[in-house]
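Observations on the model geometry
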There are 2 protein chains.
Amino acid sequence: MPNRICDLLEIEHPILQGGMTWVSDAVLAAAVSNGGGLGIIGAGAMPAEMLREEVQRARELTDRPFGVNMIMINPEFEKQAAVLMEEKPPVVTLGAVTSTSIIPAFKEQGVKVLPVVAAVAMARRAEQHGADAVIAEGEEAGGHIGGTSTMVLTPLVSRAIGLPVIAAGGIADGAAVVAAFALGAEGVQMGTRFVVAEESTVHQEVKNKFIKAGDRATVVTARTVGYPVRALKNKLANLYEKWEKDFIAGKCTVEDIENLGLGKLREAMREGNVRDGSMMAGQCVALVDKIQPAAEIIAEVVAEAEAVAAAIPDRVDLHR
Amino acid sequence: MPNRICDLLEIEHPILQGGMTWVSDAVLAAAVSNGGGLGIIGAGAMPAEMLREEVQRARELTDRPFGVNMIMINPEFEKQAAVLMEEKPPVVTLGAVTSTSIIPAFKEQGVKVLPVVAAVAMARRAEQHGADAVIAEGEEAGGHIGGTSTMVLTPLVSRAIGLPVIAAGGIADGAAVVAAFALGAEGVQMGTRFVVAEESTVHQEVKNKFIKAGDRATVVTARTVGYPVRALKNKLANLYEKWEKDFIAGKCTVEDIENLGLGKLREAMREGNVRDGSMMAGQCVALVDKIQPAAEIIAEVVAEAEAVAAAIPDRVDLHR
C-alpha cells in the first residue's frame, strides 16, 4: 500500500522536520526537503515580513515542498497568517491550536494544513475542520508539550480518526519510526535530531550540549504555571523551578514568569548562551550523538527503519 | 532466534503482569501464569507473614512460574526479603531500587531477580550486580514513575546493557508489544490492562472507572515533593494538588503529604472509594475497554502482536 503521507505532501520519505522557533530557518528546512523529507520553517514570533522572506528564501533553496509551523497563541499569528495566505507555502503545521477554523481558509489557498495535537478530542476537531493529516505529539517532545506519551497517544489518535497520523515525540532513529508505524502512524516528525544537522544554524555550543546529553538531560518547566515546556537542564531551568515555587506561594504572577522567559530561546540557540538561555529539546536528545547533513540523517533513519522492519516478524517471537 | 525472556523465566509468552500493591494478589498472579505469562504478586507494605501466605497460595493455584514484586523503600522490605529467601518464589522484581546488593543474595537461593529501572545508570548497575534481566519502565506507567518515556528509555537501556530488557509503561495491546520489540525489548510488562482482568479482585467500581477512562484520565501527583505517582484523576488527586502547593509555600512537610496518602490505595482498590481513594493507573488506561479473563488478555495481545508484526515489513514503506 502506498504511504499516505508521501502522497499527500508529495515528498520522498514520510519524515517531517518539526518546526522549531529560532532553530529551523529556511536553510535547515530546505536541506531537509532536499533530502526527501519535509522541512518546516519555525515561524515562532517572527515579524510577518521576515516570515515572508524566509518562505521566499526556502523557495530559492529548494524546488521541493516545505512547510511553515505557526504557533497560534503567538501575538504575531494573525499577521503571519495573512502573509502566508499570500505566499502559499505548500504546507502549514499549527502548534498550540486554539481554534481549527483557520484550516478551511488555508485550504482554500491550496495550502495543506497539519495541526499538532496532544489529545484525542483535538484530533477529532481537526478532522472535522478539514485538516489534511494530524501530527500527534507525545509529551517526550521538546518545547511546549501535552500530557500523553507517544506510545499511548499515537494509537489513540490513529484509532479515533480516519486521517493519516504523523507521530512526534521521542523519535530520533529508525527503530522509533518502526515503533511509531506499529502504533498506527504513517509518518514521523523529528525535531531534536535535526537541531544537530550540519545545516542547522544554531550555535555550535548548543549542538555540543545536544550531542553530550544523556537520558536525564531534559526537564519540564512551567508545568505548575499551566504551559509545560521541555528543555535541557541548565541554570535557567533551575531558576524556573525557583520562580514556579514563588508563583505557587503567590510571590509572582504568570506574567512575571513569562517575562523572565522572554528572549531566552534566542539567547541560547543563536547566541550560544547555554547556561542562561533556553535549549528546548526532546527526551530523545539522549539518542542524538553526531552532526550530519540533513539528507544523511534522513537516509540513515530510512535505512535503519527498513532493517528493523524487515527483522520484526522474526523478532516478535512470542512463544517459547 | 529464541525469546530470551521466555527461556529465562520458563514461561510460554514474554508478557509479565506488573506487581501492583492491593491489586495483584495470588489469585490474579496465578491466573496470569496459568495463561502463559508471568503473574506477579505485589508485596507492597504487606506484613511478611501475609506475603508468605500469598506465595504459598500462588503455588497452590498454579504449577507455573510466578513472581513477587517488592518495593525497596517499603518499611517491611527487610522482613519480606527474609521470608522470600525461605519461600524462594521463582522470580522477584524490585521496585524503587535503592541498592542492587540484594540481587546476589536472592540469586544464591535460585530466585531470578529483575529490577525495575527508570534510568540508564540504574540499568547498568543492575547488570553489574547480576540481575537476570531488567524491566525498563517509562513514565507513562501507573504508580511511582521516573522521568523518561518508554519510547526513549527502551532503546537507551537496550543499547546500554547486554541483558534482555522488558519494556513497561504504556503497553496494553499487541501494537504496543511490537513497538516495544522494535525499540529493543524482548518482553513486556503490563499492569493497567490486568487491573480489569476477570480474576482481578479490585473493587468493581475501580474496574468501571478504568473501562471508561480516556486519554486525559491520569495525572501525576507529588511531583514537586519528589516522588511522582500516576493515578486516575479524582477528588484525592485534586487534593494532592492543593497539598503540594501548601508544601511549596512551606505550610506542610513531605511527611504530612505522605501521611495524607496513607491507606488511600487500599481505600480505592479494595473498598471501591473511587472518589477519595488512590487509583494508580498508567496512561494506557485509555486503551483498556473490556473485562476479560487474564488468559484471554494474554492470548489476544499475542495474536494482535503477531498480526501487527507480520504486516510491518509492508507497512513501513518509506518511499513514495
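Residues numbered from 1 in each chain as written. Chains lettered and ligands numbered in written order. Predicted model: local features only at pLDDT ≥ 70, side-chain atom pairs only at ≥ 80, totals over all residues. Heavy atoms only, no water.

This part takes up the layout of surface pockets. In this approach the atoms are scanned with a rolling probe the size of a water molecule, which exposes any empty space left behind. Residue and element names in this part refer to chain A. Taken as a whole, the second largest pocket encloses approximately 280 Å³ of empty space. Along the wall of the second largest pocket there are 16 residues; nearest its centre are Trp22, Gly42, Met46, Met50 and Arg270. Ranked by residue count, the leading element in the lining of the second largest pocket is helix H3 (residues 48-61), at three residues. Looking at the lining of the second largest pocket, its residues break down into eight nonpolar, four polar and four charged. (1 Å grid on protein atoms, 1.4 Å probe; cavity = no way out; pocket = protein on both sides within 12 Å on 5 of 7 lines; lining within 4 Å. Points joined across faces, edges and corners; volume = space filled by probe spheres on them. Helix = DSSP H or I, 4+ residues; strand = E, 2+ residues; numbered from the N terminus. Nonpolar A, V, L, I, M, F, W, Y, C, P; charged D, E, K, R; others polar.)

This paragraph deals with the interface of chain B and chain A. Contacts between the two partners involve 64 residues from chain B and, on the opposite side, 64 residues from chain A. Both sides together, the interface formed by chain B and chain A hides about 5,400 Å², and carbon and sulfur atoms give 63% of it. It is Met151, Leu318 and Arg320 of chain B in chain B that bury the most area against chain A; as a group they hold 15% of the surface buried on that side. Counting the contacts that link chain B with chain A gives two salt bridges. One salt bridge in this structure joins Asp173 of chain A and Arg159 of chain B, with 2.9 Å as the shortest N-O distance. (Contact = heavy atoms within 4.5 Å. Buried area = accessible area lost by both parts, 1.4 Å probe. Salt bridge = Lys/Arg side-chain N within 4 Å of Asp/Glu carboxyl O.)

With that out of the way, let us pick up the pairing of strand S8 (residues 165-168) of chain B. Residues and elements named next belong to chain B. Burial of S8 is two-sided: the residues Val165 and Ala167 facing one way and the residues Ile166 and Ala168 facing the other way are all buried. Bridge count for S8 against strand S9 (residues 187-190) is three bridges, and the pairing is parallel. Within S9, the residue paired with Ile166 across the bridge is Gly187. (Buried < 20%, exposed > 50% of the residue type's maximum accessible area, 1.4 Å probe, protein only. Pairing = 2+ DSSP bridges.)

Superposing chain B onto chain A requires a rotation of 180° together with a translation of 0.0 Å along the rotation axis, leaving an RMSD of 0.0 Å. With respect to symmetry, the two chain copies, as superposed, fit the operation of a two-fold axis. Taking C-alpha positions as reference, the residue of chain B nearest the rotation axis is Ala179 of chain B, located at 1.9 Å. Comparing interface residues between copies, 98% of those in chain B also sit at the interface in chain A, which points to an isologous, same-surface contact. (Least-squares fit on C-alpha atoms with pLDDT ≥ 70 in both.)

With that settled, the discussion passes to the domain arrangement of chain A. Residue and element names in this part refer to chain A. With domains assigned, chain A is organised as domain 1 (4-198 + 292-315) and domain 2 (204-283). Taking the mean C-alpha position of each, domain 1 and domain 2 sit 23 Å from one another. The interface of domain 1 with domain 2 comprises 15 residues on the first partner and 16 residues on the second. Buried area between domain 1 and domain 2, both sides added, is near 1,400 Å², and the carbon and sulfur share of it is 64%. Our enumeration of links across domain 1 and domain 2 arrives at zero salt bridges. Counting across the domain 1 and domain 2 interface gives eight residue pairs in polar contact (both at pLDDT 80 or more). (Domains from an automatic or database assignment. Polar contact = N/O pair within 3.5 Å; in protein donor to acceptor, adjacent residues only side chain to side chain.)

What follows concerns the packing of aromatic side chains. Residues and elements named next belong to chain A. Inspection of every chain in the model, using the stated rule, returns two aromatic pairs over all chains. Taking 5.1 Å as the distance between ring centres and 70° as the angle between the ring planes, the aromatic pair formed by Tyr240 and Trp243 counts as edge-to-face. You can see Tyr240 and its partner Trp243 sitting in helix H11 (residues 235-248), three residues apart, about one turn around the helix. Classification of Tyr240 as buried rests on a relative accessible area of 11%. (Phe/Tyr/Trp six-rings, centres within 6.5 Å; stacked < 30°, edge-to-face > 60°.)

Moving on to the sheet that holds strand S7 (residues 143-144) of chain B. Residues and elements named next belong to chain B. The sheet built from three strands is open, its strands ordered S7-S11-S10 with antiparallel pairing. Edge positions in the open sheet fall to S7 and strand S10 (218-221), since each of these has one partner strand only. In the sheet, S7 pairs with strand S11 (residues 229-232) via two bridges, with the strands oriented antiparallel. Among the inter-strand pairings, Gly143 is bridged to a residue of S11, identified as Arg230.

Moving on, we get to helix H10 (residues 204-212) of chain B. Quick reminder: α-helices carry 3.6 residues per turn. Residues three or four places apart thus point the same way. Residues and elements named next belong to chain B. Residues Val206, Lys207 and Phe210 constitute the buried set of H10. Buried residues in H10, looked at end-on, bunch into an arc of 100°, giving them a common side. For H10, the secondary structure elements touched by its buried residues are helix H9 (192-195), S11 and helix H13 (264-269). (Arc of directions from axis to C-beta.)

Both trends apply: most residues other than glycine have a negative phi, and most peptide bonds are in trans. Notably, Trp22 of chain A is not glycine yet its phi reads approximately 65°, a positive angle. In this structure, Trp22 of chain A sits in the loop between strand S1 (15-17) and helix H2 (26-34). Positive phi outside glycine occurs at Ala222 of chain B, with the angle close to 65°. Tracing the sequence through the fold places Ala222 of chain B in the loop between S10 and S11.

Residues and elements named next belong to chain A. The interhelical angle for the contact between helix H8 (residues 174-182) and helix H14 (residues 294-315), taken along N-to-C directions, is 55°, at an axis separation of 7 Å. The angle between the axes of H8 and H14 places the two elements in the oblique class. The handedness of the crossing between H8 and H14 comes out as right-handed. Between H8, through Gly174, Ala175, Val177 and Val178, and H14, the contact on the second element is made entirely by Val301, Glu304, Ala305, Val308, Ala309 and Ile312. (Axes fitted to C-alpha atoms, helices over the stretch in contact; angles between N-to-C directions. Parallel < 35°, antiparallel > 145°, perpendicular 65-115°, else oblique. Left-handed = near helix turned anticlockwise from the far one by under 90°.)

Turning next to the packing of helix H11 (residues 235-248) of chain B against helix H12 (residues 254-261) of chain B. Residues and elements named next belong to chain B. Remark: H11 packs on H12, axes separated minimally by 10 Å, with the N-to-C direction vectors making an angle of 165°. The angle between H11 and H12 falls in the class roughly antiparallel. Once H11 is placed against H12, the crossing between them reads as right-handed. Packed against H11, whose contacting residues are Tyr240, Trp243, Glu244 and Phe247, the element H12 presents Val254, Ile257, Leu260 and Gly261 at the interface. Of the residues in the contact of H11 with H12, the class split is six nonpolar, one polar and one charged.

All names here are of chain A. When the terminal C-alpha atoms of H3 are compared, their 20 Å separation across 14 residues agrees well with the 20 Å that a helix rising 1.5 Å per residue should span. All of the buried residues along H3 are Ala48, Leu51, Arg52, Glu54, Val55 and Ala58. Relative to the axis of H3, the buried residues are bounded by an arc of 160° and lie together on one face. The exposed set on the far side of H3, more than 90 degrees from its buried face, consists of Glu53 and Glu60. Looking at the packing, one finds that the buried side of H3 touches H2, strand S2 (39-42), strand S3 (66-71) and helix H4 (77-87). (Expected span 1.5 Å × (residues − 1).)

With the rule as written, the count across this model stands at 28 salt bridges over all chains. With a shortest N-O distance of 2.7 Å, Glu186 of chain A and Arg4 of chain A are connected by a salt bridge. Of the two residues, Glu186 of chain A is situated in the loop between H8 and strand S9 (187-190) and Arg4 of chain A in helix H1 (residues 4-9); the sequence distance between them amounts to 182 residues. Ionic pairing is found between Glu87 of chain B and Arg52 of chain B, a salt bridge with its closest N-O pair at 3.1 Å. Placement of the pair is Glu87 of chain B in helix H4 (residues 77-87) and Arg52 of chain B in helix H3 (residues 48-61), with a sequence separation of 35 residues. The exposure class assigned to Glu87 of chain B is buried, which follows from its relative accessible area of 14%. With relative accessibility at 16%, the residue Arg52 of chain B sits in the buried group.

On to the sheet that holds strand S4 (residues 91-95) of chain A, then. All names here are of chain A. An order of S1-S9-S8-S6-S5-S4-S3-S2 is seen for the eight strands of this open sheet, with the pairing classed as parallel. In this open sheet, the two edge strands, each paired with only one partner strand, are S1 and S2. Ignoring strand direction, the axes of neighbouring strands in this sheet form an average angle of 25°. As paired elements, strand S5 (residues 112-117) and strand S6 (residues 134-137) share two bridges and run parallel to each other. When the sheet's bridge partners are listed, Val116 is paired in S6 with Ile135. Where H3 meets the sheet, it contacts S2 and S3, and its direction lies at approximately 160° from that of S3.

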